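Close look at the chain arrangement
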Amino acid sequence: MTLGRHLLLPLAVLVFGACVDTTPIHVEETHKDAGAGTSAECRECIMGEGQPCRSAYDQCLALPDCPEFHQCVLERGCYSPAALEDRLACGQPCIDSIHLTSSHPALPAILALNDCSQRDCRAQCITE
Amino acid sequence: MKARWSSGLLLASLGLSAPALADDTESLESALSQSVVTTASTQAESASSAPATSSTITAEQLRIYGIRSIDEAIQFLALGVIVSDPLRTPDLGARGVLLPGDDGKHFLLLVDGHSVNDPLYGAARFDQGAGIPIDVIDRIEVIVGPGSVLYGSNAMLGVINVITKLEKDYRGGHVFGEYEWDRSARAGAGAGFHFDLFGERAEITAAVEYFRRFGPDLSFDKQAPVFSGVNGVTPTYRRGGPADGIWGGKVSDAYFAEAPMGSLRLRVADFDISVLASAYRRGIPYTYGLVDVDFDDDQSYELDRALRFDIEHYAAASAFLQLTSRIYADGFDYQRRVNRDALQGCFRSGFSTCQYYTAGRARWAGIEERISLNWLKDSSLVTLVGLDARMRWVSAKEDALNFDTGEPFTSSTGVVDARAGLLSPYLQQTYKPNLWLDLNFGARLDVEERISPIVSPRGALAIRPFELTTLKGVYSQAFRAPTWNETDVGTIRQARAGSLEPEVVRSLEGSIEQRVATQRLMFGVFRTWWENLVEPRTLTGAERGELQSRGELPINAVNVVQYRNVATLNNYGYNASWDGTLARGRLSYGLNATAAFARRESGQGSQLLPAAPNFFGNAHVAYVAGGYAPIPALAVSYMNDRLIDRPYVSGFRSTPTAPPIAELRATLSGRFPGLTGIGYRLSGTYATESHGAYTAGNIPEIISPTTLPTLAPVDQYSVFLGLRYDFATGDGFSEPGGAP
Amino acid sequence: MLALTLGVGLSVGPRALAQPASVPPTVQADLVAKLLPYDRNFEKRAGPIVRTLVLVKPGSARSRIAAEAFKSALSNLDRVGGRPHEERIVNYEGAAALAKSCRSERIAVVYVTPDFDGELDALQRALAGVDVLSVSAVSDYVSRGVVLGFELVSGKPKLLLDLPRAKQQHVDFSAAVLRLMKVYR
């Protein structure tokens, strides 16, 4: 680290610069809807017999609310985004519909499906 | 009553002869060696009479021991207080109690009696962030133990009052510069002069200082990839670096700081007006706690700014009644920018780096009136009645931004916008009927809408059975009101706490001080009880779920903390100190030690305090020959082995500790012969250990239980050289001992 | 309340700055008591009883406070300069009257309280040739007419001595003590 690497902030700017703005920012989170739902390839990869994510799907079927949640995200095309936050933004209505919380019994299975879709069904599902 | 035993009689009765006096001025030197303090009771009194345990660090000590900041002064020269450096703002503890990441919340920092802890975070900085040019510091009074009786919130571990120089002690012009090899540079200037203003004598002392740190490079042990990362993508920890999942390596850009600061003090007639302005920008050298930052990122930083005004007026209405009035106003703001890989840190795709931007602002202003009733007119029986009325405004938020575009990708969280008043009447009664008895009783009531009214009492008794022997006993209480940051901030990582009870500490201490010629020995014991300690506690899954079902936390919130009143502390131990001079005052030295048993009691049972040493102390020695002879000085600080700062992780086979550490500072200072006014100081520091007690990098919980956590390094070696030029300082007086 | 204090404060005339912290009266008294024997003329000046006059500026509350505190502190000591002692507070009635009292009553020490800024020149002239030690806790007064003063430097009491003035008032401290003082020459 050499002297002068950083810009030397003038004393006046540092000390008397503009007041810190603490005004909250509101960002409209669009609930992304893929519109056409989930592609057939993606559905097959997740739910097809012997397919990579079938076991995770079977676990979901056995848990209360999980089948409804999964159907909801399929219809909204929420397996398309790559990142979790984007998937959450898409699936928020589904989350609200079953009152999904971190203690919901279906959550582990839902997370397992999410992981599997991003890892083993990446090529078939992720389009963004 | 005049009859008291003399110390000579005591010594004779103990079979000890009076000390062999090589110089018959030792009695006089002994009287001149005692410290006068003002912080403990707001009145000037000898330290042995003051209703608290205190130590005073002088301007000369700051100079000859190579001290450059308040935390260094405390570490090497103060009694009972310990400093621990996590490479961010230092943590301060006292008497075995140290709370990592505390931001100085449990010490009250005063500058000329003006409180600087802000109401939003409760923070006080003790390194260059304190914002006080060190050249203009006259002394630092360190009071150990609860001090809320006169000062209110935050004074739980102690009160540190930085008192600036008067014109008579800073007359003329002063310029200095210091360079620390490969590490930092500091430069400053100051002046002190007096003049007539509208027929009244006036004086000004002013100083500016600029500090910049640019090194050293730091090495963090590399941590092997420990988890698969988000979306199964191997994490990357350096912006633009490889996605190899390895955290650690060399930090060469992220350990930096800049701190411009200035102070101005104007005294005219009975007015004392002061202005302080400062800024403190520093890097975030490693991931810690809730702060997950890209490795060695020079674009992640924290920034404090402060502007403080204080006007005080003193009036003696009569020998019976004196009035002190004070108007003050402070502005403080804080910004933090933490950059992190977007996928790993913010679970977002579409851009590479996200930034969490925290902004907080606090303003407060108030009036304090103090009436002193001198009942017998000889200052032996004095009642002090005061009232502090203050208004505070705070606001804060946290934004999540796309680092490349600066655009937010989600709404602000952690929004705070509040104000509250504070009304604090207080009373102190002192009674000093003779030379052997000092009594001091007082209490303060703090009333604000966020907490129940709280009383902080104190009672102190000092008895001198012999002329040079003082027995002292003190009971005191203090509190800390929860900050808005603890109660009102809600983000993806922190749930709003709502209301919290204030922390309270009660303390009982006793001490004996014995002066023998120019030597002073002190031994004291203490016992403290802490209640309602506010700490961030990680929520259980069920607790998280409850908040999520109420919409107070998003579904994807994991590892969420919430501030709660969770713990009590039990603490007891002793302080011991010895200081003195020999060789007609040329050789001065001091040694002190503190041993404490401190335990935290909570739902997890009784635990040692993380990062808190239970044995620590310091020692110093210097020789001032006089004239142009260089002044050699050596200072040492020590703390014993202690737990690391996050030790209680299930699965560790043994609780990890940091080894004992000693730090030595050797300094040579003086003035160049034949070059009027030009002085120098050369100082080197060495630490015996290469790592401290602070964990860095991935949190231990996700590392294999058999792997010891990475500890933040300690800068083991450093050397600096400083030069200064003082001019127009003459007042006609020669210094004692003939020093230039 | 603030207006009251300002009103009170501004009603007093030009004066030295109020010291934010000064050497406590008990410490001052202790220092005076210990210092006197080091003056080679002390024995001859004081006689069997050490007498101290504490000057009060009429109308000055600040002066009265300092006077009462110092007198009380001195009264509490067993000995001053190793001898029995008396001290009393007197209202200042002029430098000439003070000099006369010092001579007639064999005063060893004159303690000058705050708010004597306008009187120092007269005091200096009147006490020249008088065998008395003048002392003040207002450090500015040393070099302006007072022989011995106290000041606080970094919380430690310091002694100030005006050496030419000391000679004029027959105060002759030994070298051993002079090295402990800031000396104005």
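Preceding this section is the structure that the text describes.
The paragraphs below set out a description of the structure included in this document. Computed from a predicted structure; not experimentally measured.

Conventions and cut-offs
- Residues numbered from 1 in each chain as written.
- Chains lettered and ligands numbered in written order.
- Predicted model: local features only at pLDDT ≥ 70, side-chain atom pairs only at ≥ 80, totals over all residues.
- Heavy atoms only, no water.
- Helix = DSSP H or I, 4+ residues; strand = E, 2+ residues; numbered from the N terminus.
- Buried < 20%, exposed > 50% of the residue type's maximum accessible area, 1.4 Å probe, protein only.
- Contact = heavy atoms within 4.5 Å.
- Areas by Shrake-Rupley, 256 points an atom, 1.4 Å probe, with all protein chains shown as cover.
- Pairing = 2+ DSSP bridges.
- Buried area = accessible area lost by both parts, 1.4 Å probe.
- Polar contact = N/O pair within 3.5 Å; in protein donor to acceptor, adjacent residues only side chain to side chain.
- Core = buried A, V, L, I, M, F, W, Y, C linked by side-chain atoms within 4.5 Å.
- Axes fitted to C-alpha atoms, helices over the stretch in contact; angles between N-to-C directions.
- Left-handed = near helix turned anticlockwise from the far one by under 90°.
- Nonpolar A, V, L, I, M, F, W, Y, C, P; charged D, E, K, R; others polar.
- Salt bridge = Lys/Arg side-chain N within 4 Å of Asp/Glu carboxyl O.
- Patch = residues over 30% accessible without salt bridge, like charges linked within 9 Å, V, L, I, M, F, W, Y side chains within 5 Å.

1. Topic: the overall build of chain C
Assigned secondary structure in chain C consists of 8 helices and 7 strands. Counting all 185 residues of chain C, 61% fall into the buried class. Considering only residue pairs separated by 6 or more positions, chain C has 67% of its internal contacts joining residues 24 or more positions apart.

2. Some words on the overall build of chain A
What chain A contains, in helices and strands, is 7 helices and 0 strands. When the helices and strands of chain A are listed from N to C terminus, the series reads α-α-α-α-α-α-α. Across the 128 residues in chain A, those meeting the buried criterion constitute 46%. If you take every contact in chain A between residues at least 6 apart in sequence, the share linking residues at least 24 apart comes to 70%. With the model as given, the accessible surface of chain A reaches about 6,700 Å², and the carbon-plus-sulfur share is 57%.

3. Section: the sheet that holds strand 1 (residues 50–56) of chain C
One open sheet holds the 8 strands; their spatial order is 40(B)-7(C)-6(C)-5(C)-4(C)-3(C)-1(C)-2(C), and the pairing between them is mixed. Strand pairing shows two members of the sheet lacking a second neighbour, strand 40 (733–734) of chain B together with strand 2 (85–91) of chain C, which therefore form its edges. Direction of pairing for strand 3 (residues 109–112) of chain C relative to strand 4 (residues 133–136) of chain C: parallel, over a ladder of 4 bridges. Bridging across to strand 4 of chain C, C:Val112 finds its partner in C:Ser136.

4. Considering the interface of chain B and chain A
Interfaces are often sized by the amount of accessible area the parts lose when they come together. Contacts between the two partners involve 49 residues from chain B, matched on the other side by 38 residues from chain A. Summing the contributions of chain B and of chain A, the shared interface buries around 3,700 Å²; its carbon and sulfur component is 56%. Linking chain B with chain A are 6 residue pairs in polar contact (both at pLDDT 80 or more).

5. Describing the nonpolar core
By size, the foremost hydrophobic cluster in this structure holds 75 residues, and its most contacted members are B:Ile74, B:Phe126, B:Ile140, B:Val142, B:Ile160, B:Phe220 and B:Tyr286. Ignoring sequence-local partners within four residues, the contact set of B:Tyr286 consists of B:Pro86, B:Leu87, B:Arg88, B:Phe220, B:Trp247, B:Val293, B:Tyr694, B:Thr695, B:Ala696 and B:Ala712. By size, the runner-up hydrophobic cluster in this structure holds 46 residues, among which are B:Ala31, C:Leu36, C:Val50 and C:Leu159.

6. Description of the packing of helix 4 (residues 66–76) of chain A against helix 5 (residues 84–97) of chain A
Residue and element names in this part refer to chain A. Close contact between helix 4 and helix 5 brings their axes to 9 Å; oriented N to C, the two are set at 145°. Pair helix 4 / helix 5 crosses with right-handed handedness. In contact with Phe69, Cys72, Val73 and Arg76 of helix 4, helix 5 contributes Cys90, Pro93, Cys94 and Ile95. Here the contact of helix 4 with helix 5 is composed, by residue class, of 7 nonpolar, no polar and 1 charged.

7. Details of the pattern of salt bridges
Enumeration according to the criterion identifies 73 salt bridges over all chains in this entry. Its salt-bridge partner being B:Glu29, residue C:Arg179 comes within 3.1 Å of it at the nearest N-O pair. With C:Arg179 in the loop between helix 8 (175–178) and strand 7 (181–184) and B:Glu29 in helix 2 (residues 26–33), the pair connects residues from two separate chains. You can call B:Glu29 buried: its relative accessible area is 10%. Among the ionic contacts, a cluster of salt bridges with common partners joins B:Glu167, B:Arg171, B:Arg201, B:Glu203, B:Arg267 and C:Asp140.

8. Points about the interface of chain C and chain B
Listed as interface residues are 59 residues of chain C and, on the opposing side, 65 residues of chain B. In this assembly, chain C and chain B are joined by 5 salt bridges. The partner of B:Asp270 in a salt bridge is C:Arg62, and the shortest N-O contact between them spans 3.2 Å. Scanning the region where chain C abuts chain B turns up 12 residue pairs in polar contact (both at pLDDT 80 or more). The set of elements that each furnish at least two residues to the side of chain C that touches chain B consists of helix 1 (2–10), helix 2 (25–35), helix 4 (61–75), strand 5 (148–153), strand 6 (156–162), helix 8 and strand 7 of chain C. In terms of residues, the side of chain C that touches chain B owes the most to one element, helix 4 of chain C, which gives 8 residues. Here the residues of the side of chain C that touches chain B are counted per class, giving 33 nonpolar, 13 polar and 13 charged.

9. Observations regarding the sheet that holds strand 6 (residues 107–111) of chain B
All names here are of chain B. The mixed open sheet is built from 5 strands, whose spatial order is 3-8-9-6-7. Of all the strands in the sheet, just strand 3 (53–58) and strand 7 (114–115) have a single pairing partner and so form its edges. Two strands pair when backbone bridges link them, and strand 6 and strand 9 (residues 158–164) are joined in this way by 5 bridges, in the parallel orientation. Paired with Phe107 across the bridge in strand 9 is Gly158.

10. Quick notes on a nonpolar patch on the surface
Residues and elements named next belong to chain B. A surface patch of nonpolar side chains, amounting to about 560 Å² of accessible area, comprises Leu471, Ile512, Phe523, Val525, Tyr574, Phe615 and Tyr638. Structurally, Val525 can be placed in strand 27 (residues 519–538). What makes Val525 partly exposed here is its relative accessible area of 42%.

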